[in-house]
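Survey of secondary and tertiary structure
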Amino acid sequence: MLGDSVQFSRILTELTLSFHIIYATIGVGVPLFIMIAHWVGIRKNDEHYILMARRWARGYVVSVAVGVVTGTIIGMQLSLLWPGFMEVAGHVIALPLFMETFAFFFEAIFLGIYIYTWDRFSRKKHLLLLIPVAIGGAMSAVFITVVNAFMNSPQGFEIIDGRLANINPIIAMFTPAMPTKISHVVVTAFMTVAFMLASIAAFRLLRGSNHVYHKKALFMTMKLGLVFSIATALIGDFSGKYLAEYQPEKLAAAEWHFETEEGAPLRLYGILQDGEVKYDIKIPFGLSILAYSNPNAEVIGLDQFEKDEVPPLYIHYFFDTMVTIGMLLLGVSALYYVAKRWRWKIANARWFLWLIVFSGPLAFVAIEAGWWMTEVGRQPWILRGLMTTAEAATSSEYVGLMIILFSILYFILGVGSVVVLNRIFRRNPVEKELAKYESQKGGDPA
Amino acid sequence: MTLELIGISVLWLFLFGYIIVGSIDFGAGFFNAYSHLTNKHHILTNIIQRYLSPVWEVTNVFLVFFFVGMVGFFPTSAFYYGTALLVPASLGLILLSIRGSYYAFETYGSRGHKGYSFMYGAAGLLIPASLSIVLTISEGGFISMVDGKPVLDYWGLFVSPLTWSIVVLSLAAVLYISAVFLTWYASKAGDEQATNLMRKYALIWAAPLIITATGIIVELRAHAPWHFDNILDLWWMFAISGVLFIGTVWLIWQRRNYGLAVVLLILQFAFAFYGYGISHFPYILHPYLSVEESFTNEAMAISLIVAFILGLCLLLPSLYLLFKLFLFNKDYVRGKEDKNHA
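Residues numbered from 1 in each chain as written. Chains lettered and ligands numbered in written order. Predicted model: local features only at pLDDT ≥ 70, side-chain atom pairs only at ≥ 80, totals over all residues. Heavy atoms only, no water.

1. Some remarks on the overall build of chain A
Selection criterion: Numbering of helices and strands runs from the N terminus, with a helix taken as a DSSP run of H or I at least four residues long and a strand as a DSSP run of E at least two residues long. When accessible area is computed with a 1.4 Å probe and restricted to protein chains, residues below 20% of their type maximum are described as buried, those above 50% as exposed, and intermediate ones as partly exposed. In what follows, residue pairs with any heavy atoms lying within 4.5 Å of each other are defined as contacts. All accessible areas in this document rest on Shrake-Rupley with a 1.4 Å probe, and a residue is counted as covered only by the protein chains that are shown. In summary, the charge assignment counts Lys and Arg as positive and Asp and Glu as negative, without counting His or the chain termini. Positions of charges follow a simple convention, taking NZ of Lys, CZ of Arg, CG of Asp or CD of Glu.
Tallying secondary structure elements over chain A gives 16 helices and 10 strands in all. Once the C-alpha set of chain A is aligned to its principal axes, its extents read approximately 75 × 45 × 40 Å. Residue burial in chain A is summarised as follows: out of 446 residues, 58% are buried. In chain A, once contacts between residues fewer than 6 apart in sequence are set aside, the share between residues at least 24 apart is 77%. Surface accessibility of chain A: about 18900 Å² in total, with carbon and sulfur atoms responsible for 64%. Charged side chains of chain A number 36 positive and 34 negative; the gap between the two group centres comes to 21 Å.

Encoded structure:
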């Protein structure tokens, strides 16, 4: 198992993060939706929404368990695979890492209480227990993203004679990359979860259950999906402007913008063959508008950078995937909303419901593509401009072996969580559960 | 008290918390699996499931706190231990993952799948074994510097009697701590059968615990004389720990006041664990890392401590609520409100 430990460390980190981000996204997004459903249920005095909260919470616990596990793994793997980076990170950016643990602890405690105390409190009091869960989940994402933002635009310290000096942990947290990164991560988590829940509801409707419960769930999640897609598009635009200002090499690589020019066009799609771009769509002045909201602005191209400091050009594909899916989801949810509003038939058409079914998985693909773009796009740096990935990696010879072990683990966890979730909901369909609560109450729940 | 002393004391407190809470958790998993083997499953499962289900995530967080805190307060340790521990820590992580997924998969999926219970029980013993290796390594002698990078001597570690004594101690401690705790918990739940069974296990594991603990002190004399001398200077802490141990065993033996027995047990481990920690001072990794040299900068230390205090203000009331609802709520412990979970 001897090999290039730098390359292997990158592969293992990418593997862990790609797996973790699925569960982390669910972990950040779902509590908000449980809370909204629970709240709507109380407001409208509608048992269907209460049941929605209850069922989502049940599924949430399973994904949180895997998220906890993979989160612990990535937390420790950072030190195991990137000891050189963590030594510096410990000095400068340990504060948000530390606070993340608190946020997560807070979330875990109240989630445990919420799950095990249905009917032990009044509905309203029980809803209050969810607030710390949602806040804890969102704050975990915020703190971790602060660390990632620091890696992209490090500040809050100086290097004097090769040693760290004048460290200011607070300034290190509030980096230029922070605002756009945090809002992008949190809002896309909400958006992705909205489409995930919508795709489940649409799937049930297609598979013969015509229950009004699924219709309510679909309408609510699609409406929220639209809101968060619009927010995502706006924040995505700000992220582009951030890159143009502070990490022009990442933007240039993602857009295949080779030469610095004014009035730069935006390239969409296309392939790169022998250094030449083919089959792409060019939007005149597009990149200048994206980067500076000004069609004549000058955008820095890859010609301004040393060859060994240019990120891999294949991040263009990740970028296109992310943006295309984002736009598609925005379109689907907008069309759904308008169609519902004007009572167009299309909203209930089978093909349209299938489109919604695919929206959930697609949203997760977009999340993955986005993370790959930003992480690969920072290469060759682990700490932009200061420390390369190669300098930070472990010297251990056993990373290759660990890739195999962790791959097996993630496979088991992934399959296990899908099987368990499937079993929970198959065994206990909505109709059965509603009937149970009605018989308990001895009356009409509405 | 200097900043680095505050830092290491806080971290040591978290590690201690993990050892107590984790031991209860790991041991319970083992007893659960063992009861499957001996057909005593009906006696234990309810007690174990009811205690563990709401608090398992909390256990894990203690460990995360510890290693995140280490990186924050002692960043250089991330470099040394990070490089050296890739294999043992990764194995520990994989085992932790198997356990972590157990509750979700088992509690919400198929209750009582035997194979998973065994894996879970076994993982509960292998985790303390793999994590305790860090304590062995910290005594020095297993890491050498090659081209400025720390390299772990796996074979030397594997054949060292010290390694195996610490592994055995960790196993005995896990089983003893959790047996004493579950004796109390079962008696509180009014489950006489389970109480008697756990009481028996507690008494059985008391002997190996005290024998290996004493044995390790003797072995340190040869392996790490500096540490042995420091331990002798702190003899009174270990003596108090020994007296508390006798107190716990006597109470369990007499079937009296199991609650007090748990308190004495925690104090016993606190004295021994702090005695061990203080005598290890000033080294985090002998001889490369000392507390003082590997300490972070002052600005980070102060901000970490402030964050820590603010965090505690948030967490302590929450933990109080959790324990009030589940651990100290008679109806819940006795299973009257078993149907409440979602």
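2. Description of the overall build of chain B
Of regular secondary structure, chain B possesses 13 helices and 4 strands. Here chain B holds 342 residues, and 60% of them are scored as buried. Once local pairs closer than 6 in sequence are excluded, the contacts in chain B between residues at least 24 apart make up 77%. If you sum the accessible surface of chain B, you get close to 13800 Å²; carbon and sulfur atoms cover 70% of it.

3. A word on the interface of chain A and chain B
The criterion, for reference: Summed over both partners, the accessible area (1.4 Å probe) lost when two parts come together is defined as the buried area. Throughout this description, the term salt bridge denotes a Lys or Arg side-chain nitrogen within 4 Å of a carboxyl oxygen of Asp or Glu. Throughout this description, a polar contact denotes any pair of N or O atoms lying within 3.5 Å of each other; where both atoms belong to protein, one of them has to be capable of donating a hydrogen while the other can accept it, and for residues adjacent in sequence the pair is counted only when both atoms sit in side chains.
Facing the 65 residues of chain A at the interface are 66 residues of chain B. Carbon and sulfur atoms make up 77% of the area that chain A and chain B hide from each other, which totals about 6000 Å². Our count for the contact surface shared by chain A and chain B stands at 0 salt bridges. Applying the counting criterion to the chain A and chain B interface returns 2 residue pairs in polar contact (both at pLDDT 80 or more). When contributions to the side of chain A that touches chain B are tallied by element, the ones reaching two or more residues are helix H2 (47-81), helix H3 (83-92), helix H4 (94-116) and helix H15 (399-427) of chain A. Among the elements that line the side of chain A that touches chain B, the one with the most residues is H4 of chain A, at 18 residues.

4. A short note on unusual backbone geometry
Gln379 of chain A connects to Pro380 of chain A through a cis peptide bond whose omega is 5°. Along the chain, Phe281 of chain B connects to Pro282 of chain B via a cis peptide bond; the corresponding omega equals 0°. With respect to the helices and strands, the residue Pro282 of chain B is situated in the loop between helix H11 (258-280) and strand E3 (283-285). A positive phi angle, close to 50°, is found at Asn45 of chain A, a residue other than glycine. As for its position among the elements, Asn45 of chain A is in the loop between helix H1 (5-44) and H2. Even without glycine at this site, Asn166 of chain A takes up a positive phi of about 45°. One can find Asn166 of chain A in the loop between strand E2 (163-165) and helix H7 (169-173).

5. Some points on the confidence of the model for chain A
Rule in force here: The score called pLDDT rates the predictor's confidence residue by residue, from a low of 0 to a high of 100.
Averaged over all residues, the pLDDT of chain A equals 87, while 98% of them reach at least 70. Within the model, pLDDT remains below 50 along residues 442-446 of chain A, and this stretch shows 5 contacts once partners closer than five positions in the same chain are excluded.

6. Observations regarding helix H10 (residues 248-255) of chain A
Within an α-helix, residues lying three or four positions from one another point in the same direction, as the helix has 3.6 residues per turn. Residues and elements named next belong to chain A. Buried residues dominate H10, accounting for 8 of its 8 residues. Buried within H10 are the following residues: Pro248, Glu249, Lys250, Leu251, Ala252, Ala253, Ala254 and Glu255. Check the buried side of H10 and you find it contacts helix H6 (130-152), helix H9 (212-246), strand E4 (266-268), helix H11 (286-292), helix H12 (315-341) and helix H13 (350-376). Phi turns positive, to about 50°, at Trp256, one or two residues after H10.

7. Some points on the pairing of strand E2 (residues 149-152) of chain B
Residues and elements named next belong to chain B. To keep things clear, this is the line we draw: Pairs of strands are assigned from DSSP output, requiring at least two bridges between the strands.
Of the two faces of E2, the one lined by Pro150 and Leu152 is fully buried and the one lined by Lys149 and Val151 carries no buried residue. Pairing of strand E1 (residues 143-146) with E2 involves 4 bridges; the strand directions are antiparallel. Within E2, the position partnered with Ile143 by the bridge is Leu152. If you look at the hairpin formed by E1 and E2, you'll find 2 residues sitting between the two strands, and Asp147 has a positive phi there, around 50°.

8. What to know about the environment of Thr212 of chain B
Residue and element names in this part refer to chain B. Mapped onto the elements of the fold, Thr212 is located in helix H8 (residues 192-223). In the structure, Thr212 is positioned 110 residues away from Leu322 in sequence and 35 Å away in space, judged by C-alpha atoms. Not counting residues within four places of it along the chain, the set of residues in contact with Thr212 comprises Ser165, Val168 and Leu169. Polar side-chain contacts of Thr212 include one of 3.1 Å to the backbone oxygen of Leu209.

9. Regarding the packing of aromatic side chains
Selection rule: Any two of the Phe, Tyr and Trp rings considered here, Trp counted by its six-membered ring, make a pair once their centres fall within 6.5 Å; the pair's planes then place it as stacked at under 30 degrees, edge-to-face at over 60, or tilted in between.
Scanning the entire structure with this criterion turns up 48 aromatic pairs over all chains. Taking 5.4 Å as the distance between ring centres and 90° as the angle between the ring planes, the aromatic pair formed by Trp256 of chain A and Tyr317 of chain A counts as edge-to-face. Taken together, the residues Trp256 of chain A in the loop between H10 and strand E3 (261-262) and Tyr317 of chain A in helix H12 connect sequence positions 61 residues apart. On the basis of relative accessibility, which here comes to 0%, the residue Trp256 of chain A falls in the buried class. You can call Tyr317 of chain A partly exposed: its relative accessible area is 33%. With a centroid separation of 6.4 Å and 15° between ring planes, the pair formed by Phe73 of chain B and Phe295 of chain B is classed as stacked. Placement of the pair is Phe73 of chain B in helix H2 (residues 41-73) and Phe295 of chain B in the loop between strand E4 (289-290) and helix H12 (298-327), with a sequence separation of 222 residues. In terms of burial, Phe73 of chain B and Phe295 of chain B fall into one category: buried. Site record: aromatic cluster; members linked through ring pairs are Phe98, Phe102 and Phe105 of chain A together with Phe14, Phe62, Phe65, Phe73, Phe74, Phe295 and Phe308 of chain B.

10. Things to note about the pattern of salt bridges
Two side chains with opposite charge may pair up if their charged atoms get near one another. Residues and elements named next belong to chain A. Taken as a whole and assessed by the stated rule, the structure comprises 7 salt bridges over all chains. A salt bridge links Asp280 to Arg267; the nearest nitrogen and oxygen atoms lie 3.1 Å apart. With Asp280 in the loop between strand E6 (276-278) and strand E7 (281-283) and Arg267 in strand E4, this residue pair connects regions lying 13 residues apart in the sequence. For Arg378, the salt bridge is made with Glu375, and the minimal N-O distance between the two is 3.2 Å. Classification of Arg378 by relative accessible area gives buried; the value is 4%.

11. Examining the packing of helix H7 (residues 161-188) of chain B against H11 of chain B
Residues and elements named next belong to chain B. The line we're drawing: Angular values range over 0 to 180 degrees, each being the angle between N-to-C directions of two axes fitted as lines to C-alpha atoms, with helices fitted over their stretch in contact. Just so you know how the angles are binned, under 35 degrees is roughly parallel, over 145 roughly antiparallel, 65 to 115 roughly perpendicular, and the rest oblique. A crossing counts as left-handed when the near helix is turned anticlockwise from the far one by less than a right angle, and as right-handed when that turn is clockwise. Only Asp, Glu, Lys and Arg are considered charged in this grouping, and only Ala, Val, Leu, Ile, Met, Phe, Trp, Tyr, Cys and Pro are considered nonpolar; every other residue, Gly among them, is considered polar.
Between H7 and H11, the least distance of the axes is 8 Å, while the angle of their chain directions is 155°. Our classification of the angle between H7 and H11 gives roughly antiparallel. The crossing of H7 and H11 is left-handed. Every residue of H11 that contacts H7 at Ala173, Tyr176, Ile177, Val180, Phe181, Thr183, Trp184 and Ser187 is listed here: Tyr258, Gly259, Ala261, Val262, Leu265, Gln268 and Phe269. Its residues assigned to classes, the contact of H7 with H11 comprises 11 nonpolar, 4 polar and no charged.

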